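Summary of structural features
Chain by chain, the residues run as shown.
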Amino acid sequence: MSEKPRVSVVLPIYNGSKYMRKSIESVLKQTFPDFELIIVDDCSEDDTYNIAISYSCNNDRVRVIKNQQNRGLPASLNVGFSMAKGEYLTWTSDDNIYHEAAIKKMVNFLDLNKEYALVYADMNLIDENGNKMGIRNGGDGNLYKGNCVGACFLYKNECKKIIGNYSENKIYVEDYDYWLRIAGRFKIGRIHEILYDYRYHNNSLTIKKIKQIGMNLSNLRYEYMNSIAKNVDSEELRNIVFEMIVCGDDRAIQYVDDKTKDDVQFVYHRNKQIHSKQIWIFGAGGLGRSAIKILQGKSIEGFIDNDRNKIGSEIEGKKIISLKEYIQKYQDSNIVIAVDLKYAYSICRQLRAVGIDDAVLLYDLC
């Protein structure tokens, strides 16, 4: 490893022994060789530290830091980046995987496009066994709609010098807050290519902390609401306000025009109980798959999805059907909406349009 590597990759980790080897090896197998990997063990109680040390003993590009007490993700990121020497910075998670050319392609982008300070790329969504579930792309790059950056990114060390550390009081949304802070000062770019695998599983923070993430995201959005309202259209604003209300935060209702307030406010009175033994899950993606385990003990008949490419296939032996087929054959069953909250509003409106207004959000059942 060079004395001053071009790229610093920080891997904060807590009890990550199940998947961390694949994550670490995906960094070490990068076709761009000039990097350092800084693993920050946040007082894990499993074999995480020993696994990390085994890699550092065999590769001088790997350093391991062990926190003296459990400090949480944003604090661990700040510990790692305080040691980083790279011209470019990034961080990854113990359950996710880089494609081999990921860092090289992001470095090339920033080298060739000096006006950009951060670049991000598209990702595969995979399940706990590595099976592909879908694709997450960055959309149009409007950060005020949501966290389009995702988990595959690279930014200049200059950003850290100007923006500062990750906010330790914004746990679970520390990354989104950081991108918004960067966007206020720098230009952000996107590579329209899949360079990363993002893993959904029942022990991931996305699933385990869904409600806390929702509440913290609402607080962050309210902090930026004036900018959000100026940079998204009326439909997108309704979606955001809906997400916040679902999370128990009605402070942003003032930003929705009078004509649409009633439509948004129906979520105050949404059904939160499952009234039927038979359940159909609306959403055949990552959260839909997780809903199978969250709803253990219930009779799950199958999945409903709007994606024509998924209809007719199966998930764990459960068929995926269209909403039209559900209406024709299964209306005595209960619907649980298992999608990212940013899509939940449009699905609720879709269901209400066909006379279904008692669907339950998976969010309310977690």
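In this report, we go over the structure that sits alongside the text. Here the structure is a predicted model, which means the values were calculated and not measured.

So, how was this worked out
Residues numbered from 1 in each chain as written. Predicted model: local features only at pLDDT ≥ 70, side-chain atom pairs only at ≥ 80, totals over all residues. Heavy atoms only, no water. Helix = DSSP H or I, 4+ residues; strand = E, 2+ residues; numbered from the N terminus. Rg over C-alpha atoms; globule rule 2.2 N^0.38 Å. Areas by Shrake-Rupley, 256 points an atom, 1.4 Å probe, with all protein chains shown as cover. Lys, Arg positive; Asp, Glu negative; His and termini not counted. Charge placed at Lys NZ, Arg CZ, Asp CG, Glu CD. Pairing = 2+ DSSP bridges. Contact = heavy atoms within 4.5 Å. Axes fitted to C-alpha atoms, helices over the stretch in contact; angles between N-to-C directions. Parallel < 35°, antiparallel > 145°, perpendicular 65-115°, else oblique. Left-handed = near helix turned anticlockwise from the far one by under 90°. Nonpolar A, V, L, I, M, F, W, Y, C, P; charged D, E, K, R; others polar. Core = buried A, V, L, I, M, F, W, Y, C linked by side-chain atoms within 4.5 Å. Buried < 20%, exposed > 50% of the residue type's maximum accessible area, 1.4 Å probe, protein only. 1 Å grid on protein atoms, 1.4 Å probe; cavity = no way out; pocket = protein on both sides within 12 Å on 5 of 7 lines; lining within 4 Å. Points joined across faces, edges and corners; volume = space filled by probe spheres on them. Disulfide = S-S within 2.5 Å. Phe/Tyr/Trp six-rings, centres within 6.5 Å; stacked < 30°, edge-to-face > 60°. Salt bridge = Lys/Arg side-chain N within 4 Å of Asp/Glu carboxyl O.

**Focus: the overall build of the chain**
Counting secondary structure elements, the chain contains 15 helices and 15 strands. For the chain, the C-alpha radius of gyration of 21 Å lies close to 21 Å, the compact-globule estimate for 366 residues. Overall, the chain is about 65 × 45 × 40 Å in size when its C-alpha atoms are taken along their principal axes. Accessible surface, the chain as shown: approximately 16,800 Å² in total, 44% of it carbon and sulfur. Of the side-chain charges in the chain, 50 are positive and 49 negative, and the distance between the mean point of each set is 1 Å.

**As for the sheet that holds strand β11 (residues 299-304)**
Pairing between sheet strands relies on hydrogen bonds along the backbone, with the strands arranged either parallel or antiparallel. Taken in spatial order, the 6 strands of this open sheet run β12-β13-β11-β10-β14-β15, and their pairing is mixed. The sheet is open, and its two borders are formed by β12 (314-315) and β15 (360-361), each paired with just one other strand. Sheet contacts for helix α12 (residues 286-294): β10 (278-282), β11 and β12; angle to β11, the most-contacted strand, approximately 175°. Of the strands in this sheet, β10, β14 (334-337) and β15 are in contact with helix α14 (residues 341-353), which crosses β14 at around 160°.

**Some points on the packing of helix α1 (residues 20-28) against helix α2 (residues 48-58)**
For the pair α1 and α2, the least separation of the axes is 11 Å and the interaxial angle reads 25°. Comparing the axis directions of α1 and α2 gives the class roughly parallel. Judged by the twist between their axes, the crossing of α1 over α2 is right-handed. Residues Met20, Arg21, Ile24, Glu25 and Leu28 of α1 pack against Thr48, Ile51, Ala52 and Tyr55 of α2.

**A few points about the side chain of Asn239**
You can see Asn239 is positioned in helix α10 (residues 234-246). Apart from the residues within four sequence positions on either side, Asn239 is in contact with Lys342 and Tyr345.

**Focus: the packing of α10 against α14**
Between two packed helices, the angle of one axis relative to the other and the distance separating the axes together describe the packing. Between α10 and α14, the least distance of the axes is 8 Å, while the angle of their chain directions is 105°. Regarding the angle of α10 to α14, the classification is roughly perpendicular. Here α10 contributes Glu235, Arg238, Asn239, Phe242, Glu243 and Val246 to the contact with α14, which in turn contributes Leu341, Lys342, Ala344, Tyr345, Cys348 and Arg349. Here the contact of α10 with α14 is built from residues that sort into 6 nonpolar, 1 polar and 5 charged.

**Points about the nonpolar core**
Core analysis: the biggest nonpolar cluster contains 76 residues, and Val7, Ile281, Tyr326, Ile335, Ile337 and Leu351 have the highest contact counts within it. Aside from chain neighbours lying at most four places away, what touches Leu351 is Phe282, Leu323, Ile335, Ile337, Ile356 and Ala359. With 43 residues, the next largest nonpolar core counts Val40, Leu77, Ala117 and Ala252 among its residues.

**Brief notes about empty space enclosed by the protein**
Tallying each qualifying case throughout the model produces 1 cavity of 30 Å³ or more. Approximately 30 Å³ is the volume attributed to the largest cavity. Residue lining of the largest cavity: Asn78, Phe81, Tyr155, Lys160, Gly164, Asn165, Tyr166 and Tyr178, and that is the complete set. Here the residues of the lining of the largest cavity sort into 4 nonpolar, 3 polar and 1 charged.

**Side note on the state of the cysteines**
Summed over all chains, the structure comprises 0 disulfides. Cys148 takes part in no disulfide bond, and the closest cysteine sulfur to it belongs to Cys152, at a distance of 13 Å. Residue classification places Cys148 among the buried residues on the basis of a relative accessible area of 10%.

**Let's talk about the packing of aromatic side chains**
One pass over the full model with this rule turns up 16 aromatic pairs. Seen from their ring centres, Trp91 and Tyr166 are 6.4 Å apart, and the 90° between their planes marks the pair as edge-to-face. On the criterion of sequence distance, the pair formed by Trp91 in strand β4 (residues 88-91) and Tyr166 in the loop between α5 (157-163) and α6 (174-183) is long-range, its members being 75 residues apart. Of the two residues examined, Trp91 and Tyr166, each falls in the buried class. Seen from their ring centres, Phe153 and Tyr155 are 6.3 Å apart, and the 20° between their planes marks the pair as stacked.

**A word on the environment of Ile320**
Tracing the backbone through its elements, the reader meets Ile320 in strand β13 (residues 318-321). Separated by 303 residues in sequence, Ile320 and Ser17 have C-alpha atoms that sit 34 Å apart. Discounting residues that sit within four places of it in the chain, Ile320 has contacts with Ala284, Phe303, Asp305, Lys310, Ile311, Gly312, Ser313, Glu314 and Ile315.

**So, the pattern of salt bridges**
With the rule as written, the count across this model stands at 16 salt bridges. With a shortest N-O distance of 3.4 Å, Lys170 and Glu223 are connected by a salt bridge. Residue Lys170 is located in the loop between α5 and α6, and its partner Glu223 is located in helix α8 (residues 210-223); the two are separated by 53 residues in the primary sequence. Residue class for Lys170 comes out buried when judged on its relative accessible area of 15%. Note that Glu235 and Arg238 form a salt bridge whose closest N and O atoms lie 2.2 Å from each other. Residue Glu235 and its partner Arg238 are located together in helix α10, separated by 3 residues, close to a single helical turn. Put simply, Arg6, Glu87 and Asp111 are held in one network by salt bridges that share partners.

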